[in-house]
Amino acid sequence: MSQKHWVIGAALAVSMGLAVSTAARAEDTIKVGILHSLSGTMAISETTLKDVMLMLIDEQNKKGGLLGKKLEAVVVDPASDWPLFAEKARQLISVDKVAATFGCWTSVSRKSVLPVFEELDGLLFYPVQYEGEESSRNIFYTGAAPNQQAIPAVDYLMNEEGVQRWVLEGTDYVYPRTTNKILEAYLKAKGVAPEDISVNYTPFGFSDWQTEVGKIKSFGSAGKKTAVVSTINGDANVPFYKELANQGIKATDIPVVAFSVGEEELAGIDTAPLVGHLAAWNYFESVDTPENKDFIAKWHAFIKNDKRTTNDPMEAHYIGFNMWVKAVEKAGTTDPDKVIDAMVGVTVPNLTGGYATMMPNHHITKPVLIGEIQADGQIQTVSETPEVVGDEWSDYLEGSKDLISDWRKPLACGNFNVKTGKCGGSGS
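Read on for an overview of the structure. Here the structure is a predicted model, which means the values were calculated and not measured.

1. Some remarks on helix H4 (residues 107-119)
For H4, built from 13 residues, the straight-helix expectation of 18 Å at 1.5 Å per residue is met to within 8% by its first-to-last C-alpha distance of 19 Å. Remark: the principal bend of H4, roughly 30 degrees, maps to Val-113, with a proline, Pro-115, within the next four residues. Contacts made by the buried residues of H4 are with strand E1 (29-35), helix H3 (82-95), strand E3 (100-103), strand E4 (124-126), strand E5 (139-141) and helix H6 (174-189). In the stretch just after H4, Asp-121 is the one whose phi turns positive, near 55 degrees.

2. A short note on the side chain of Gln-247
By secondary structure assignment, the location of Gln-247 is in the loop between helix H8 (237-246) and strand E9 (256-258). Residue classification places Gln-247 among the buried positions, given a relative accessible area of 16%. At 2.9 Å, the side chain of Gln-247 and the backbone oxygen of Gln-210 are in polar contact. When near neighbours in sequence (up to four residues on either side) are disregarded, Gln-247 contacts Gln-210, Val-213, Gly-214 and Lys-217.

3. As for the state of the cysteines
Here the structure, examined in full by the defined rule, presents one disulfide. Note that Cys-413 is cross-linked by a disulfide to Cys-423, the S-S spacing being 2.1 Å. Linking Cys-413 and Cys-423, the disulfide has an S-S dihedral of approximately 95 degrees and is accordingly described as right-handed. Taken together, the positions of Cys-413 in strand E18 (residues 413-417) and Cys-423 in strand E19 (residues 422-423) put the pair 10 residues apart, joining distant regions of the chain.

4. With respect to the pairing of strand E2 (residues 70-76)
Looking along a regular strand, one sees side chains alternate from face to face of the sheet. In this sheet, E2 lies alongside E1 in parallel orientation, the contact comprising seven bridges. In the sheet register, Ile-30 faces E2, and the bridge partner there is Leu-71. In the classification by handedness, the crossover that spans E1, the intervening helix H2 (residues 43-62) and the parallel E2 is right-handed.

5. Details of the environment of Ser-207
By the secondary structure assignment, Ser-207 is in the loop between strand E7 (197-202) and helix H7 (210-219). Between the C-alpha atom of Ser-207 and that of Pro-127, which follows or precedes it by 80 residues, the distance is 26 Å.

What counts, and at which threshold
Residues numbered from 1 in each chain as written. Predicted model: local features only at pLDDT ≥ 70, side-chain atom pairs only at ≥ 80, totals over all residues. Heavy atoms only, no water. Helix = DSSP H or I, 4+ residues; strand = E, 2+ residues; numbered from the N terminus. Expected span 1.5 Å × (residues − 1). Bend = angle between axes of the 7 residues up to and from the residue. Contact = heavy atoms within 4.5 Å. Buried < 20%, exposed > 50% of the residue type's maximum accessible area, 1.4 Å probe, protein only. Polar contact = N/O pair within 3.5 Å; in protein donor to acceptor, adjacent residues only side chain to side chain. Disulfide = S-S within 2.5 Å. Pairing = 2+ DSSP bridges. Right-handed = clockwise from strand over helix to strand, strands pointing away.

Keep in mind these values describe shape, not function.
Laid out in structure tokens, this is it:
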């Protein structure tokens, strides 16, 4: 746990007749929003998250539902269009009256919907690794913060691979830019010279990687062990990895560690030339535990395709959904305010043999796994940590290192400054 976290030790009346029967019908189910791109550049990653949510809802209904009611999935497609995410989020909360929403992948999509969830007092469970520097009362972050993925990955490369030069290669939006800002500060704090750090960004859907990969190859020819830290998102990963192979860049020469490439993305790539390159997540399909075997079996049975893989954000939805169910049962209601209060401290099993706990900063505990890409598209764990508490405000950035988040009353603050003793606002 980050040291600074120790500092915190009317019913709506309805008219008679048709209005009553309409309201009764509306209350027959508990609606759950699914806000994932099913088209556009992010569909390669997000479609599976829609599918696993449908599976989790189906499983819960087989157990009898929740609070004596069946769950009903409300699926929308924001189509990798960031403003459309906000529009669809408003529809889910205001029109469809969902009790909670599970969705988003990119940070720009999450930033787009955040003010909507805060304005309308909705609940969003966000399942993907992100850059931190945010804490909202209305969002539960079940993916990794930088201290649960990016920094441990750099430590592994530095300590186990002897890396001295660093290429920070990302898609041009908030998650890669902020994560790389943190990593730059961290690397410099570890004594890495500025000239040994190269930072580059490309647009979403970027496909012409020949020049960029050529630059990486040139940067790595200076006589020092070089690695690529990749925050490339979406379908741009496919041509990126193909170009690495085309230019003969092997893991033994310049290893690549990816934060947004999992089994789902690898399913579309010829992985044979990529054996030995790395991925950093909190779950891999190859994890050998009874919990994971059971999850995979249920997934294959539900999706009716034994070749469909599982991945880290799917596990994050598994954890977040089970936490939400437990908090609703604890609160005895789906009322967002009561569920938010009930969420802190909820603990559920993860799929790697441990437990995930929702902390007061609305982030969860997660183990950090570093894995090597195999020829069959699986990722084999080479390093694993115990559960780590997600740190929403980076210890390595000025303006952030003195901040904590604790949404428990009476503090109920997302960016409390431990030096000034003041809350800076909503925290988002």
